[in-house]
Amino acid sequence: MEVAEEWPEPIVRVQTLADAEAVPERYIKPPSERPNLNPGTALAPSETGSLPVVDLAGLSGGAAERRATMLAVSGACRDWGFFQVVNHGVSTELMEGMREVWREFFRLPMAEKQAYANSPKTFEGYGSRLGVKKGAILDWGDYFFLQLSPHSIRNYDKWPVLPASLSRAMTEAYGEELEKLCGVIKKVLSASLGLDEGFLHRAFGEAGACLRVNYYPKCPQPDLTLGLSPHSDPGGMTVLLTDHHVKGLQVRKGDDWITVEPIPGALIVNIGDQIQVLTNATYKSVEHRVVVNAATERLSVAFFFNPNDDLPIQPAAELVTPGEPPLYKRLTFKEYKLLMRMLGPAGKSHIGLVKSN
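The structure contained in this document is the topic of the report that follows. (Residues numbered from 1 in each chain as written. Predicted model: local features only at pLDDT ≥ 70, side-chain atom pairs only at ≥ 80, totals over all residues. Heavy atoms only, no water.)

**Focus on the sheet that holds strand β9 (residues 256-259)**
Selection rule: At least two bridges found by DSSP between two strands are what make those strands a pair. Only runs of H or I of at least four residues qualify as helices and only runs of E of at least two qualify as strands under DSSP, and these elements are numbered from the N terminus. For every element, the axis is a line fit to its C-alpha atoms; helices are fit only across the contacting stretch, and the angle between N-to-C directions ranges from 0 to 180 degrees.
What the 4 strands build is an open sheet, ordered β6-β11-β8-β9; its pairing is antiparallel. The two strands at the open ends of the sheet, each matched to only one other strand, are β6 (228-231) and β9. Between one strand and the next, the sheet's axes are offset by a mean angle of 25°, whatever the strand orientation.

Structure, rendered in C-alpha cells:
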C-alpha cells in the first residue's frame with residue numbers, strides 16, 4: 001500500500017470558515033452520523049454514567065492500595081476502554097503552558113501557520129484533514145502533528161518557532177513527562193492481565209510517541225457536523241489533555257454517546273487498537289468522537305504512545321488458549337497505520353481488517 005504524497009484536493013483551513021453563516025456541504029454529515037444536540041445547547045447530556053477515575057497515588061501505597069488501583073484500571077479497560085487519571089505526576093504548570101502556547105499558535109496569522117502545512121506522507125505539521133479519500137466528508141477541525149520519539153525521527157523543521165512563548169523545550173518536556181506516565185500505565189496494564197510487568201514493554205519494543213494538538217473552531221451549525229468522526233485510536237494508548245473550559249469529547253458506551261466531564265488537573269487515558277490486538281481483545285479500544293460548539297473554539301492535546309513501527313504485533317501467546325484462539329493476524333504497526341492514513345477516521349473498521357479468518 002503506497003502512501004499518497006499530496007492531499008487529493010486543495011486544503012481549506014476550518015478556522016477560516018468559523019464566521020460563516022452555514023456549514024459548507026463538504027462538512028455536513030449524513031443524518032445518521034450527526035450529533036444529537038439539544039436545542040440551544042452544544043452537547044447532549046450524559047445519561048448512562050461517566051468515565052472511571054483512577055487515583056495513581058495508590059500505586060505508591062501498600063499492597064492493598066496498589067491492588068485496588070490495578071483493579072480500577074483493569075475494570076476501566078474492560079468496561080470502558082477509557083479512564084481519567086489523577087495524581088499522575090505530570091506538572092500542572094506544564095499542562096497549563098501547553099494549552100496556552102498552542103492556543104496562541106492557532107491564533108497566529110494564516111500565512112505564518114501555512115509555513116508548516118503538512119502532507120499525508122507523514123502528517124507532520126499543520127493539517128486540516130485525515131485520510132486521503134477524494135470527496136470524503138470532512139471534519140470540523142484543524143490540528144498540528146509532531147513526532148516526538150524516538151528522537152531520531154524528529155523533524156525540527158516542522159516544529160513552530162512562533163509564537164515566541166512556544167518553546168521547543170516546553171513541548172519536549174511535556175513529551176518526556178507523558179512517556180514516563182505511559183511507562184507506569186504499561187506496567188499496570190501488564191500486571192492487571194496476570195502477566196509480568198514487562199510484558200507490554202517488550203511487546204512495544206523501542207516505543208514511539210507523537211503529539212497532535214487539536215483545534216476545533218466555533219461552528220455555525222454544530223448539529224450538522226463533527227469535530228472528529230467516530231474512531232478508535234490505531235496505536236498503543238493515548239493520553240489526552242482536554243480543554244478545561246469547553247467540553248466536546250464523547251465516548252461510545254453501548255448504543256449511547258457519553259459526553260466526558262473532565263476533572264480539573266486530570267488526564268484522560270484510552271486504549272488503542274494495538275493493545276486490543278496484544279491482549280486478544282481482553283482490553284478493547286473504544287470509539288470516540290468530538291462535537292463542536294457554536295459559541296467558542298476548543299483545544300486539546302493528544303499524546304500517542306505506540307509500539308515500534310517495524311515490530312510485528314499479534315495476540316500474546318499467554319492470552320491465547322484452545323478456547324480463546326487468536327483473533328487477529330500478525331501485522332506491524334507501520335502497516336496498520338497505513339490503513340488509517342488511507343481511510344481516515346472510520347469507527348472500528350480498521351481493526352476489523354486485521355481479524356483472523
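On we go from here.
**Digging into the nonpolar core**
Taken as a class, soluble globular proteins show a tendency for nonpolar side chains to be buried jointly. Stated formally: As used in this record, nonpolar core signifies buried Ala, Val, Leu, Ile, Met, Phe, Trp, Tyr and Cys residues forming a set joined through side-chain atoms within 4.5 Å. We call a residue buried when its accessible area falls under 20% of the maximum for its residue type, exposed when it is over 50%, and partly exposed in between, using a 1.4 Å probe and counting protein chains only. A contact between two residues is defined here by any heavy atoms of the two lying within 4.5 Å.
Counting 68 residues, the largest nonpolar core has W102, Y174 and L189 as its most contacted members. If we ignore the near neighbours within four places in the chain, the residues touching L189 are V73, C77, L200, M237, I271, I275 and Y283. Formed by 18 residues, the second largest nonpolar core is a distinct cluster that contains W7, W80, F145 and C210.

**What about the packing of aromatic side chains?**
Note the following rule: Aromatic pairs are defined between Phe, Tyr and Trp rings, using the six-membered ring for Trp, whenever the two ring centres lie within 6.5 Å; interplanar angles under 30 degrees are classed as stacked, those over 60 as edge-to-face, and all others as tilted. By definition, being over a ring means that NZ of Lys or CZ of Arg is both within 6 Å of the ring centre and within 35 degrees of the ring normal.
Counting across every chain of the model gives 13 aromatic pairs. Plain terms: the ring middles of F105 and F106 are 5.3 Å apart, the flat faces sit at 85° to each other, and that makes the pair edge-to-face. With a relative accessible area of 0%, F105 lands in the buried category. Given the relative accessible area of 0%, F106 is considered buried. Of the aromatic side chains, those joined through ring pairs into one cluster are W102, F105, F106, Y116, Y126, F144 and Y215. Directly above the aromatic system of Y156 lies the positively charged group of R168, at a separation of 3.7 Å from the ring centroid. Taking the ring centre of W80 as reference, the NZ or CZ of K253 above it sits at 4.7 Å.

**Topic: the sheet that holds strand β10 (residues 267-271)**
On the basis of which strands lie adjacent, the open sheet formed by 8 strands has the order β1-β2-β10-β7-β12-β5-β4-β3 and mixed pairing. Of all strands in the sheet, those with a lone pairing partner are β1 (53-55) and β3 (125-127), marking the two edges. Ignoring strand direction, the axes of neighbouring strands in this sheet form an average angle of 25°. Bridging between β1 and strand β2 (residues 82-86) involves 3 bridges; their strand directions are parallel. Within the sheet, the bridge partner assigned to D55 lies in β2 and is V86. Against the sheet, helix α2 (residues 92-106) engages β3, β4 (142-149), β5 (208-216), β7 (237-241), β10 and β12 (298-306), with an angle of about 130° to β4.

**Comments concerning the side chain of S229**
Defined as follows: Polar contacts, as used here, are pairs of N or O atoms within 3.5 Å; protein pairs need one atom able to donate a hydrogen and one able to accept it. Residues neighboring in sequence count only if both atoms are side-chain atoms.
Assignment of secondary structure puts S229 in strand β6. By relative accessible area, which is 11% here, S229 ends up buried. A polar side-chain atom of S229 sits 3.0 Å from a polar atom in the side chain of K29.

**Things to note about unusual backbone geometry**
A cis amide bond links S149 with the next residue in sequence, P150, at an omega value of 0°. Within the secondary structure, P150 is located in the loop between β4 and α4 (168-192). Following L162, the chain continues into P163 via a peptide bond in cis, with omega recorded as -5°. If you check the backbone angles, N280 has positive phi at about 55° while not being a glycine.

**Let's talk about the environment of H88**
For H88, the position within the fold is in the loop between β2 and α2. Residue classification places H88 among the buried residues on the basis of a relative accessible area of 11%. Put simply, H88 and Y283 are 195 residues apart on the chain and 21 Å apart in space, counted from C-alpha to C-alpha. Once you skip the residues sitting within four places of it in the chain, H88 turns out to touch L56, M95, L181, G265, A266 and L267.

Remember, this is a structural readout, not a statement about activity or role.
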